[in-house]
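Next come the chains, spelled out residue by residue.
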Amino acid sequence: MTTKVRVAVNGYGTIGKRVADAVARQSDMELVGVTKTRPSFEARRAAEKGYPLYLAGDGAEADFAAAGLSVAGRLADLLKKIDLVVDASPDKVGKSNAALYRAAGVRAVFQGGEKSDVAETSFNALGNFAAALGKRFVRVVSCNTTGLARAVAVLSPKWGVEHWEATLVRRAADPAESKRGPINGILPTFQLPSHHGPDVRTIFPELSIATTAVVVPTTLMHVHVNHVRLRRPPGSTAEVLAAFRAAPRFRVFAPWEHVDGTPQVMEFARDRGIGFNDMMENVVWEEGLKLDGPDLYFFQAIHQESIVVPENIDAIRAMTNPSANAAASIAQTDRALGLAPAAG
Ligand code: NAD
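Because the structure is a prediction, the values reported are computed rather than measured.

As paired strands, strand β5 (residues 84–87) and strand β6 (residues 107–110) are joined by 3 bridges and run parallel to one another. Bridge pairing in β6 places V86 opposite V109. For the handedness criterion, the β-α-β arrangement of β5, helix α5 (residues 93–104) and β6 is classed as right-handed. Bridge count between β6 and strand β8 (residues 137–140): 3 bridges; the pairing is parallel.

Listed below in structure tokens is the structure:
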């Protein structure tokens, strides 16, 4: 029997709690503990699920004791018991944690809120799985970049990408972030082009891509408006749809399903009811995709809270098993998470 990879999650918030559950569901991984800085409903959830709780940052044991939550130690104690830590702390905090991980001699997966130089490579499972094989520090790119990178990974090998233009319609806040806005407005991102294109190039360095973004008052899902000029275009729109249907981590909705937009996507996810009612796949609509000569137009929707979760799992597997295979890892991850297998 092979030994399981011992994993910790440092930062048990929106991403961290999802990654913790996902790790716990993998037969080749063991969730050794998670960290919290303060007692909260999420800390209680971790305790109820039997995840050992450790203190991170300036967290005080007395605060947890007062809340009736027992802690097993501090982050430094947890790092002694593991092979790999998934850092899901807030933007830029991961970079300051990197020194702790290096000193403890553990591997680390960082998130997209960190700059790419925090790690040896940026990562997307469909895009560049092999780049993470055996690496010690890997960064899973952000939600928008993950969504774009998956789509590039489907289209580029088949038909070549001359140039990719995308406008990102971004959710303003995550559902629990009640202090963020706007609640009535559309905010253009005055960074032209936006940082997302260069971030996609951390996975596909040769790709010609330019992105722009606007922020809208919604909390569930981003929508990407894509225009892709293909080098060797296929003969029909149907061929492109078939490619997305055959790819893992894509869900193509047919017109008869009456999924008009993100509200129905999230309702679908609630009906399906996998962890947190998440939608970890890129969502593409049959009616929202059209090939016009070499020009492909398509919308895709990205559930920001969950799309990076399977990518974290594959990053762990690639880093800790130098002979891991991308397709096999993706299939194993998705099976454990309850995602449908690719149709092709
Ligand atoms: P979050 O604020 O929901 O969770 C962060 C957690 O870390 C909180 O529980 C916080 O208490 C805890 N924390 C604070 N200081 C800490 C410290 N010093 N050490 C350990 N934990 C600490 O944030 P999030 O949305 O989960 O984002 C985490 C990372 O994931 C960021 O890099 C972010 O950019 C990235 N990301 C977020 C999303 C998203 O839509 N939320 C999507 C993709 C990637």
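Past the structure itself, the notes keep going.
For the rest of this paragraph, the subject is the environment of A336. Mapped onto the secondary structure, A336 falls in helix α12 (residues 326–337). Under the relative-accessibility criterion, A336 is labelled buried at 19%. It is 20 Å that separates the C-alpha atoms of A336 and A46, two residues lying 290 residues apart in sequence. Among all residues touching A336, those that are not within four sequence positions of it are R25 and Q26.

This brings us to the domain arrangement of the protein. Looking at the assigned domains, one finds that the protein contains domain 1 (5–141 + 308–337) and domain 2 (143–302). For domain 1 and domain 2, the distance between their C-alpha centroids amounts to 26 Å. Counting residues at the interface gives 25 residues for domain 1 and 19 residues for domain 2. Summed over both partners, the interface of domain 1 with domain 2 comes to about 1,700 Å²; 60% of that surface belongs to carbon and sulfur atoms. One can count 6 salt bridges joining domain 1 with domain 2. Of all elements in the fold, only α1 (14–24), β7 (121–123), α6 (125–128), α11 (309–320) and α12 reach the threshold of two or more residues within the side of domain 1 that touches domain 2.

What follows covers the site of the ligand. In the vicinity of the ligand, 20 residues are found, and the nearest of them are T14, I15, D91, R171 and D174. Side-chain polar atom of T14 to an oxygen atom of the ligand: 2.8 Å apart, as the coordinates give it. With respect to the ligand, the side chain of D91 contributes an N or O atom lying 2.5 Å from an oxygen atom. Surface burial for the ligand is 80%, taken as the share of its 820 Å² of free accessible area covered by protein chains. Grouping the amino acids of the shell around the ligand by side-chain chemistry returns 7 nonpolar, 9 polar and 4 charged. Residues from two domains meet in the shell around the ligand; each of domain 1 (5–141 + 308–337) and domain 2 (143–302) gives at least three.

Glancing now at unusual backbone geometry. Here the residue pair G181 and P182 is connected by a cis peptide bond, since its omega of 5° sits within 30 degrees of zero. Locating P182 in the fold gives a position in the loop between β9 (161–171) and β10 (187–188). That bond from L192 to P193 is cis: its omega, -15°, falls within 30 degrees of zero. Residue R249 is not a glycine yet carries a positive backbone phi of 65°. Along the chain, R249 falls in the loop between α9 (237–246) and β13 (250–253). Backbone geometry places N277, a non-glycine residue, at a positive phi of 55°. Along the chain, N277 falls in the loop between α10 (262–272) and β14 (282–292).

A few words now on the sheet that holds β14. In spatial order, the strands read β10-β11-β9-β12-β15-β14-β13; together these 7 strands make up an open sheet with mixed pairing. Only two strands of the sheet have a single neighbouring strand rather than two, namely β10 and β13. In the sheet, β13 pairs with β14 via 4 bridges, with the strands oriented parallel. Looking across to β14, one finds that F250 is bridged to N282. Helix-sheet contacts for helix α7 (residues 143–159) involve β9, β11 (209–216), β12 (222–230), β13, β14 and β15 (295–302), and the interaxial angle to β9 is about 155°.

Further remarks concern the packing of aromatic side chains. Enumeration over the complete set of coordinates arrives at 7 aromatic pairs. Geometrically, the ring pair formed by F253 and F268 is edge-to-face, given 5.2 Å between the ring centres and 85° between the ring planes. In this pair, F253 is assigned in strand β13 and F268 in helix α10, connecting sequence segments 15 residues apart. Sitting over the ring of W159, K158 keeps its end group 5.9 Å from the ring centre.

Right, let's talk about the packing of α11 against α12 for a bit. In helix packing, the relevant descriptors are the interaxial angle and the interaxial distance, both defined with respect to the helix axes. Axis separation between α11 and α12 bottoms out at 10 Å; the angle between their running directions is 135°. If you check the angle between α11 and α12, you find them oblique. Here α11 and α12 pass one another in a crossing that is right-handed. From α11, P310, I313, D314 and R317 reach across to α12, where they touch S329, I330, Q332, T333, D334 and L337. Considered class by class, the residues forming the contact of α11 with α12 number 4 nonpolar, 3 polar and 3 charged.

Now for the sheet that holds strand β4 (residues 73–74). Strand order in the open sheet formed by 8 strands is β4-β3-β2-β1-β5-β6-β8-β7, and the pairing between neighbours is parallel. The sheet is open, and its two borders are formed by β4 and β7, each paired with just one other strand. Across 4 bridges, strand β1 (residues 5–10) lies against β5 in parallel orientation. Counterpart to V7 in the pairing with β5 is L84.

Quick notes on the rules
Residues numbered from 1 in each chain as written. Predicted model: local features only at pLDDT ≥ 70, side-chain atom pairs only at ≥ 80, totals over all residues. Heavy atoms only, no water. Pairing = 2+ DSSP bridges. Helix = DSSP H or I, 4+ residues; strand = E, 2+ residues; numbered from the N terminus. Right-handed = clockwise from strand over helix to strand, strands pointing away. Buried < 20%, exposed > 50% of the residue type's maximum accessible area, 1.4 Å probe, protein only. Contact = heavy atoms within 4.5 Å. Domains from an automatic or database assignment. Buried area = accessible area lost by both parts, 1.4 Å probe. Salt bridge = Lys/Arg side-chain N within 4 Å of Asp/Glu carboxyl O. Near = heavy atom within 4 Å. Polar contact = N/O pair within 3.5 Å; in protein donor to acceptor, adjacent residues only side chain to side chain. Areas by Shrake-Rupley, 256 points an atom, 1.4 Å probe, with all protein chains shown as cover. Nonpolar A, V, L, I, M, F, W, Y, C, P; charged D, E, K, R; others polar. Axes fitted to C-alpha atoms, helices over the stretch in contact; angles between N-to-C directions. Phe/Tyr/Trp six-rings, centres within 6.5 Å; stacked < 30°, edge-to-face > 60°. Lys NZ or Arg CZ within 6 Å of the ring centre and 35° of its normal. Parallel < 35°, antiparallel > 145°, perpendicular 65-115°, else oblique. Left-handed = near helix turned anticlockwise from the far one by under 90°.

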